[in-house]
Amino acid sequence: MSAARSSADEPADAPSAATGWTAQINALGGFIRAQRQLAKLSLREMASMTSVSNAYLSQVERGLHQPSLKVLHSIADALQLSTEQLLNQAGWASGEQPAAPEPVGGTEEAIRNDPRLSPEQRTALLGVYRSFVDGD
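Residues numbered from 1 in each chain as written. Predicted model: local features only at pLDDT ≥ 70, side-chain atom pairs only at ≥ 80, totals over all residues. Heavy atoms only, no water.

Some remarks on the overall build of the chain
Logical step 1: When you go through the chain residue by residue, the secondary structure sums to seven helices and zero strands.
Logical step 2: Order of helices (α) and strands (β) in the chain, N terminus to C terminus: α-α-α-α-α-α-α.
Logical step 3: Counting every position in the chain, which comprises 136 residues, the buried fraction comes to 33%.
Logical step 4: Partitioning the contacts of the chain with sequence separation of at least 6, the portion at a separation of at least 24 is 55%.
Logical step 5: For the chain, the accessible area works out to roughly 9,000 Å², and carbon and sulfur atoms hold 53% of it. (Helix = DSSP H or I, 4+ residues; strand = E, 2+ residues; numbered from the N terminus. Buried < 20%, exposed > 50% of the residue type's maximum accessible area, 1.4 Å probe, protein only. Contact = heavy atoms within 4.5 Å. Areas by Shrake-Rupley, 256 points an atom, 1.4 Å probe, with all protein chains shown as cover.)

Shown next as structure tokens:
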């Protein structure tokens, strides 16, 4: 029985670049999933709205695929977001870092205290947020 992924697939001296990229893709997927859940859309509903298969959308949300700009645009439209917001979440926008960092704990506290979020949504948003700020 062979594993689909192997640690031998990546060079031992390049884990930080691969880990950073993987973290960005995972964070983007987590953000898309959280936004879809906030919009109370199922994967099938979003697939219908974006003309992208629900299987592919699921893989994007799980960080298994890097979506094209066209797919990101379709997802953004379905979620009533701008494509730039999704690109910012992925770290692919023109600016590398936000201009002024927010005080530590402010964002996490706001997420934890937002009564509109379910416990699952809070967990997803905290995970996405931490994936961006813990990499610094």
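Describing the environment of Thr107
Logical step 1: The topology assignment puts Thr107 in helix α6 (residues 106–113).
Logical step 2: For Thr107 and Tyr129, which are 22 residues apart along the polypeptide, the C-alpha to C-alpha distance reads 8.2 Å.

What to know about the nonpolar core
Logical step 1: Counting residues in each nonpolar core, the largest one holds 20 residues, and the members touching the most others are Ile32, Met46, Ile75, Leu79 and Leu86.
Logical step 2: When near neighbours in sequence (up to four residues on either side) are disregarded, Leu86 contacts Leu28, Phe31, Ile32, Leu72, Ile75, Ala76 and Leu81.
Logical step 3: Of all hydrophobic cores here, the second largest spans six residues; its members include Ala34, Leu117, Leu126 and Tyr129. (Core = buried A, V, L, I, M, F, W, Y, C linked by side-chain atoms within 4.5 Å.)

Comments concerning the pattern of salt bridges
Any two side chains of opposite charge can pair, on the condition that their charged atoms come close.
Logical step 1: In the structure shown here, the tally under the stated rule is four salt bridges.
Logical step 2: One salt bridge in this structure joins Glu61 and Arg33, with 3.4 Å as the shortest N-O distance. Residue Glu61 is located in helix α3 (residues 54–61), and its partner Arg33 is located in helix α1 (residues 15–38); the two are separated by 28 residues in the primary sequence.
Logical step 3: A salt bridge links Arg116 to Asp114, with the shortest nitrogen-to-oxygen separation between them at 2.7 Å.
Logical step 4: The buried category is assigned to Asp114, whose relative accessible area is 15%. (Salt bridge = Lys/Arg side-chain N within 4 Å of Asp/Glu carboxyl O.)

Looking at the packing of α6 against helix α7 (residues 119–133)
Logical step 1: At a minimum axis distance of 9 Å, the contact between α6 and α7 shows a crossing angle of 170 degrees. Taken together, the axis directions place α6 and α7 in an arrangement best described as roughly antiparallel. Residue-level contacts link Thr107, Glu108, Ile111 and Arg112 of α6 to Arg122, Leu125, Leu126, Tyr129 and Arg130 of α7.
Logical step 2: Of the residues assigned to the contact of α6 with α7, the class counts are four nonpolar, one polar and four charged. (Axes fitted to C-alpha atoms, helices over the stretch in contact; angles between N-to-C directions. Parallel < 35°, antiparallel > 145°, perpendicular 65-115°, else oblique. Nonpolar A, V, L, I, M, F, W, Y, C, P; charged D, E, K, R; others polar.)

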